[in-house]
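Each chain, letter by letter, is given below.
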Amino acid sequence: MGDMLGPGYRQSLFHLVWMCLLSSIPQGGAKVLEKTFEEWMRYRDECLRRMASEPYPAGLFCNRTFDMYACWPDGSPGITVNISCPFYLPWFEKVKHGLVSRRCGANGQWVTVNGSQPWRDYSQCEEETAATVEEVGALAQPRSAVLLDLAHQCGAGLQEGARQLMMSFKVLYTVGYSLSLLTLISALLVLTVFRKLHCTRNYIHANLFASFGLRATSVMVKDALLERRWGMELVRVADWEALLSHEAALGCRAAQVLMQYCILANHYWFLVEAVYLYKLLIGAVFSEKNYYRLYLYLGWGTPVVFVVPWAAAKYLKENAECWALNENMAYWWIIRIPILLASLINLLIFMRILKVILAKLRANQKGYADYKLRLAKATLTLIPLFGIHEVVFIFATDEQTTGILRYVKVFFTLFLNSFQGFLVAVLYCFANKEVKSEMKKKWQLWKLDHPALCCAQ
């Protein structure tokens with residue numbers, strides 16, 4: 001029995017699984033692959049035991065076989081053999097009364113296509129709503145039919161335009177996170193190297209930049225592990241067993257935990273920024289040094305309180321694949337509720353700060369005739385700092401959005417989250433007057449210390 005898989009499979013499989021995970025199609029790719037492969041293994045073992053135990057008929061006949069898709073009994077020459085659809089198919093309940101067929105030739109050999117591939121009619125075993133996709137079409141070798149059907153489930157809900165859109169989204173947020181990471185690293189270097197910029201406000205900015213950088217890094221690491229995991233060469237059935245084992249998933253699970261921690265830390269450093277600015281505007285008298293330590297606990301410590309129980313729940317109750325899918329949403333709320341809470345608190349502080357700014361501008365409007373423009377500028381500047389844009393989709397969860405609304409939500413979420421680090425670094429570091437003044441001074445001093453280089457021309 002051959003258990004080799006067709007070539008050209010690696011890139012297509014990764015693209016299909018990634019699209020299923022990103023678009024949150026019910027029974028997403030990784031989960032379907034894991035469960036279906038386990039059922040396929042059981043089906044195969046039962047088939048091999050049955051073939052070994054049943055007696056062979058007399059005379060000319062087509063040999064019993066397992067062709068990686070279905071279990072075929074001995075066939076009489078010139079007869080079409082019909083058997084039930086294999087039970088491992090994810091959509092078996094819809095096609096359990098269907099039949100798959102092969103024809104035994106007059107010479108006692110199964111009929112083949114192109115001289116080598118077995119002919120098989122499994123049209124009654126296909127999911128009715130399934131639509132063949134280009135990537136899957138490249139894999140449509142009959143000996144790899146089980147893999148075709150696994151990928152087929154992913155492609156069922158994705159039309160060509162939707163697949164291209166999802167891949168465009170991946171390129172979009174990869175560019176966004178990469179640009180943000182480079183800008184954030186530069187901003188951190190500026191705030192670290194220039195001593196005159198060392199103060200509580202810039203320390204908080206630096207921690208926010210660091211949380212953005214860690215978030216971008218964790219997302220790209222998770223993607224790299226996902227591509228490595230689903231992009232590996234799959235030559236034998238044993239490769240699938242290794243691919244879908246719990247040991248192989250440890251790396252992407254660790255990356256998933258790290259990513260969730262970084263996302264939470266990012267939101268709570270938003271909160272720290274909001275609290276700090278609010279205290280400055282209302283004129284509260286406090287010790288910055290003492291409060292800075294509390295800010296550190298709030299920004300970096302609070303996420304641990306929620307990520308640890310979430311990881312424990314996933315390990316004990318949903319220990320499958322990379323922990324990216326949520327069968328029981330109660331576990332997902334362990335980390336979603338603190339994010340929503342931080343976002344709502346930020347919104348309240350944001351509104352309060354705008355009220356204070358508006359009052360101060362109105363009190364000085366004789367000196368500032370354009371106070372409405374200044375208020376709008378202050379509003380737009382605070383939005384990326386506090387992450388207020390996330391409130392727009394705060395209650396439109398992935399489980400509740402469908403159709404065009406889902407794609408709109410995915411686009412804005414990925415675009416804003418990936419480019420937000422870049423925007424924050426530019427606004428609160430490189431566009432800051434204090435930072436620009438200090439950089440200009442350092443540049444002038446460097447030119448005075450290196451006159452030969454500056455005047456070489």
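Preceding block: the structure.
The structure displayed is predicted, hence computed values, not measured ones.

Calculation notes
Residues numbered from 1 in each chain as written. Predicted model: local features only at pLDDT ≥ 70, side-chain atom pairs only at ≥ 80, totals over all residues. Heavy atoms only, no water. Patch = residues over 30% accessible without salt bridge, like charges linked within 9 Å, V, L, I, M, F, W, Y side chains within 5 Å. Areas by Shrake-Rupley, 256 points an atom, 1.4 Å probe, with all protein chains shown as cover. Salt bridge = Lys/Arg side-chain N within 4 Å of Asp/Glu carboxyl O. Lys, Arg positive; Asp, Glu negative; His and termini not counted. Charge placed at Lys NZ, Arg CZ, Asp CG, Glu CD. Helix = DSSP H or I, 4+ residues; strand = E, 2+ residues; numbered from the N terminus. Buried < 20%, exposed > 50% of the residue type's maximum accessible area, 1.4 Å probe, protein only. Core = buried A, V, L, I, M, F, W, Y, C linked by side-chain atoms within 4.5 Å. Contact = heavy atoms within 4.5 Å.

S.K.: Could you give an account of a positive patch on the surface, naming the residues involved and the relevant values?
M.R.: Together, Arg195, Lys196, Lys441 and Lys442 give the surface a local cluster of positive charge. Residue placement: arginine 195 occurs in the loop between helix 6 (160-193) and helix 7 (200-230). Here arginine 195 falls in the exposed class, since its relative accessible area comes to 74%.

S.K.: An account of a nonpolar patch on the surface is needed here, citing residue identities and associated values.
M.R.: A cluster of nonpolar side chains, contributed by Ile404, Leu405, Val408, Phe411, Phe412, Phe415 and Leu416, occupies part of the molecular surface with about 590 Å² of accessible area. Structurally, leucine 416 can be placed in helix 13 (residues 403-430). Residue classification places leucine 416 among the partly exposed residues on the basis of a relative accessible area of 30%.

S.K.: Give a detailed account of the nonpolar core, specifying residues and quantitative values.
M.R.: Generally speaking, a soluble globular protein has its nonpolar side chains buried in company with each other. In this structure, Leu264 and Trp310 are the most contacted members of the largest nonpolar core, which totals 30 residues. Contributing elements (two or more residues each) for this core: helix 6, helix 7, helix 9 (250-281), helix 10 (288-317), helix 11 (329-363) and helix 13. Among the elements that line this core, the one with the most residues is helix 9, at nine residues. Sequence-distant contacts of tryptophan 310, that is, excluding residues within four places in its chain, are made with Gln256, Val257, Gln260, Trp323, Tyr331, Trp332, Ile334 and Ile335. Tyr43, Trp91, Val100 and Trp110 belong to the second-largest nonpolar core, a separate cluster that totals 25 residues.

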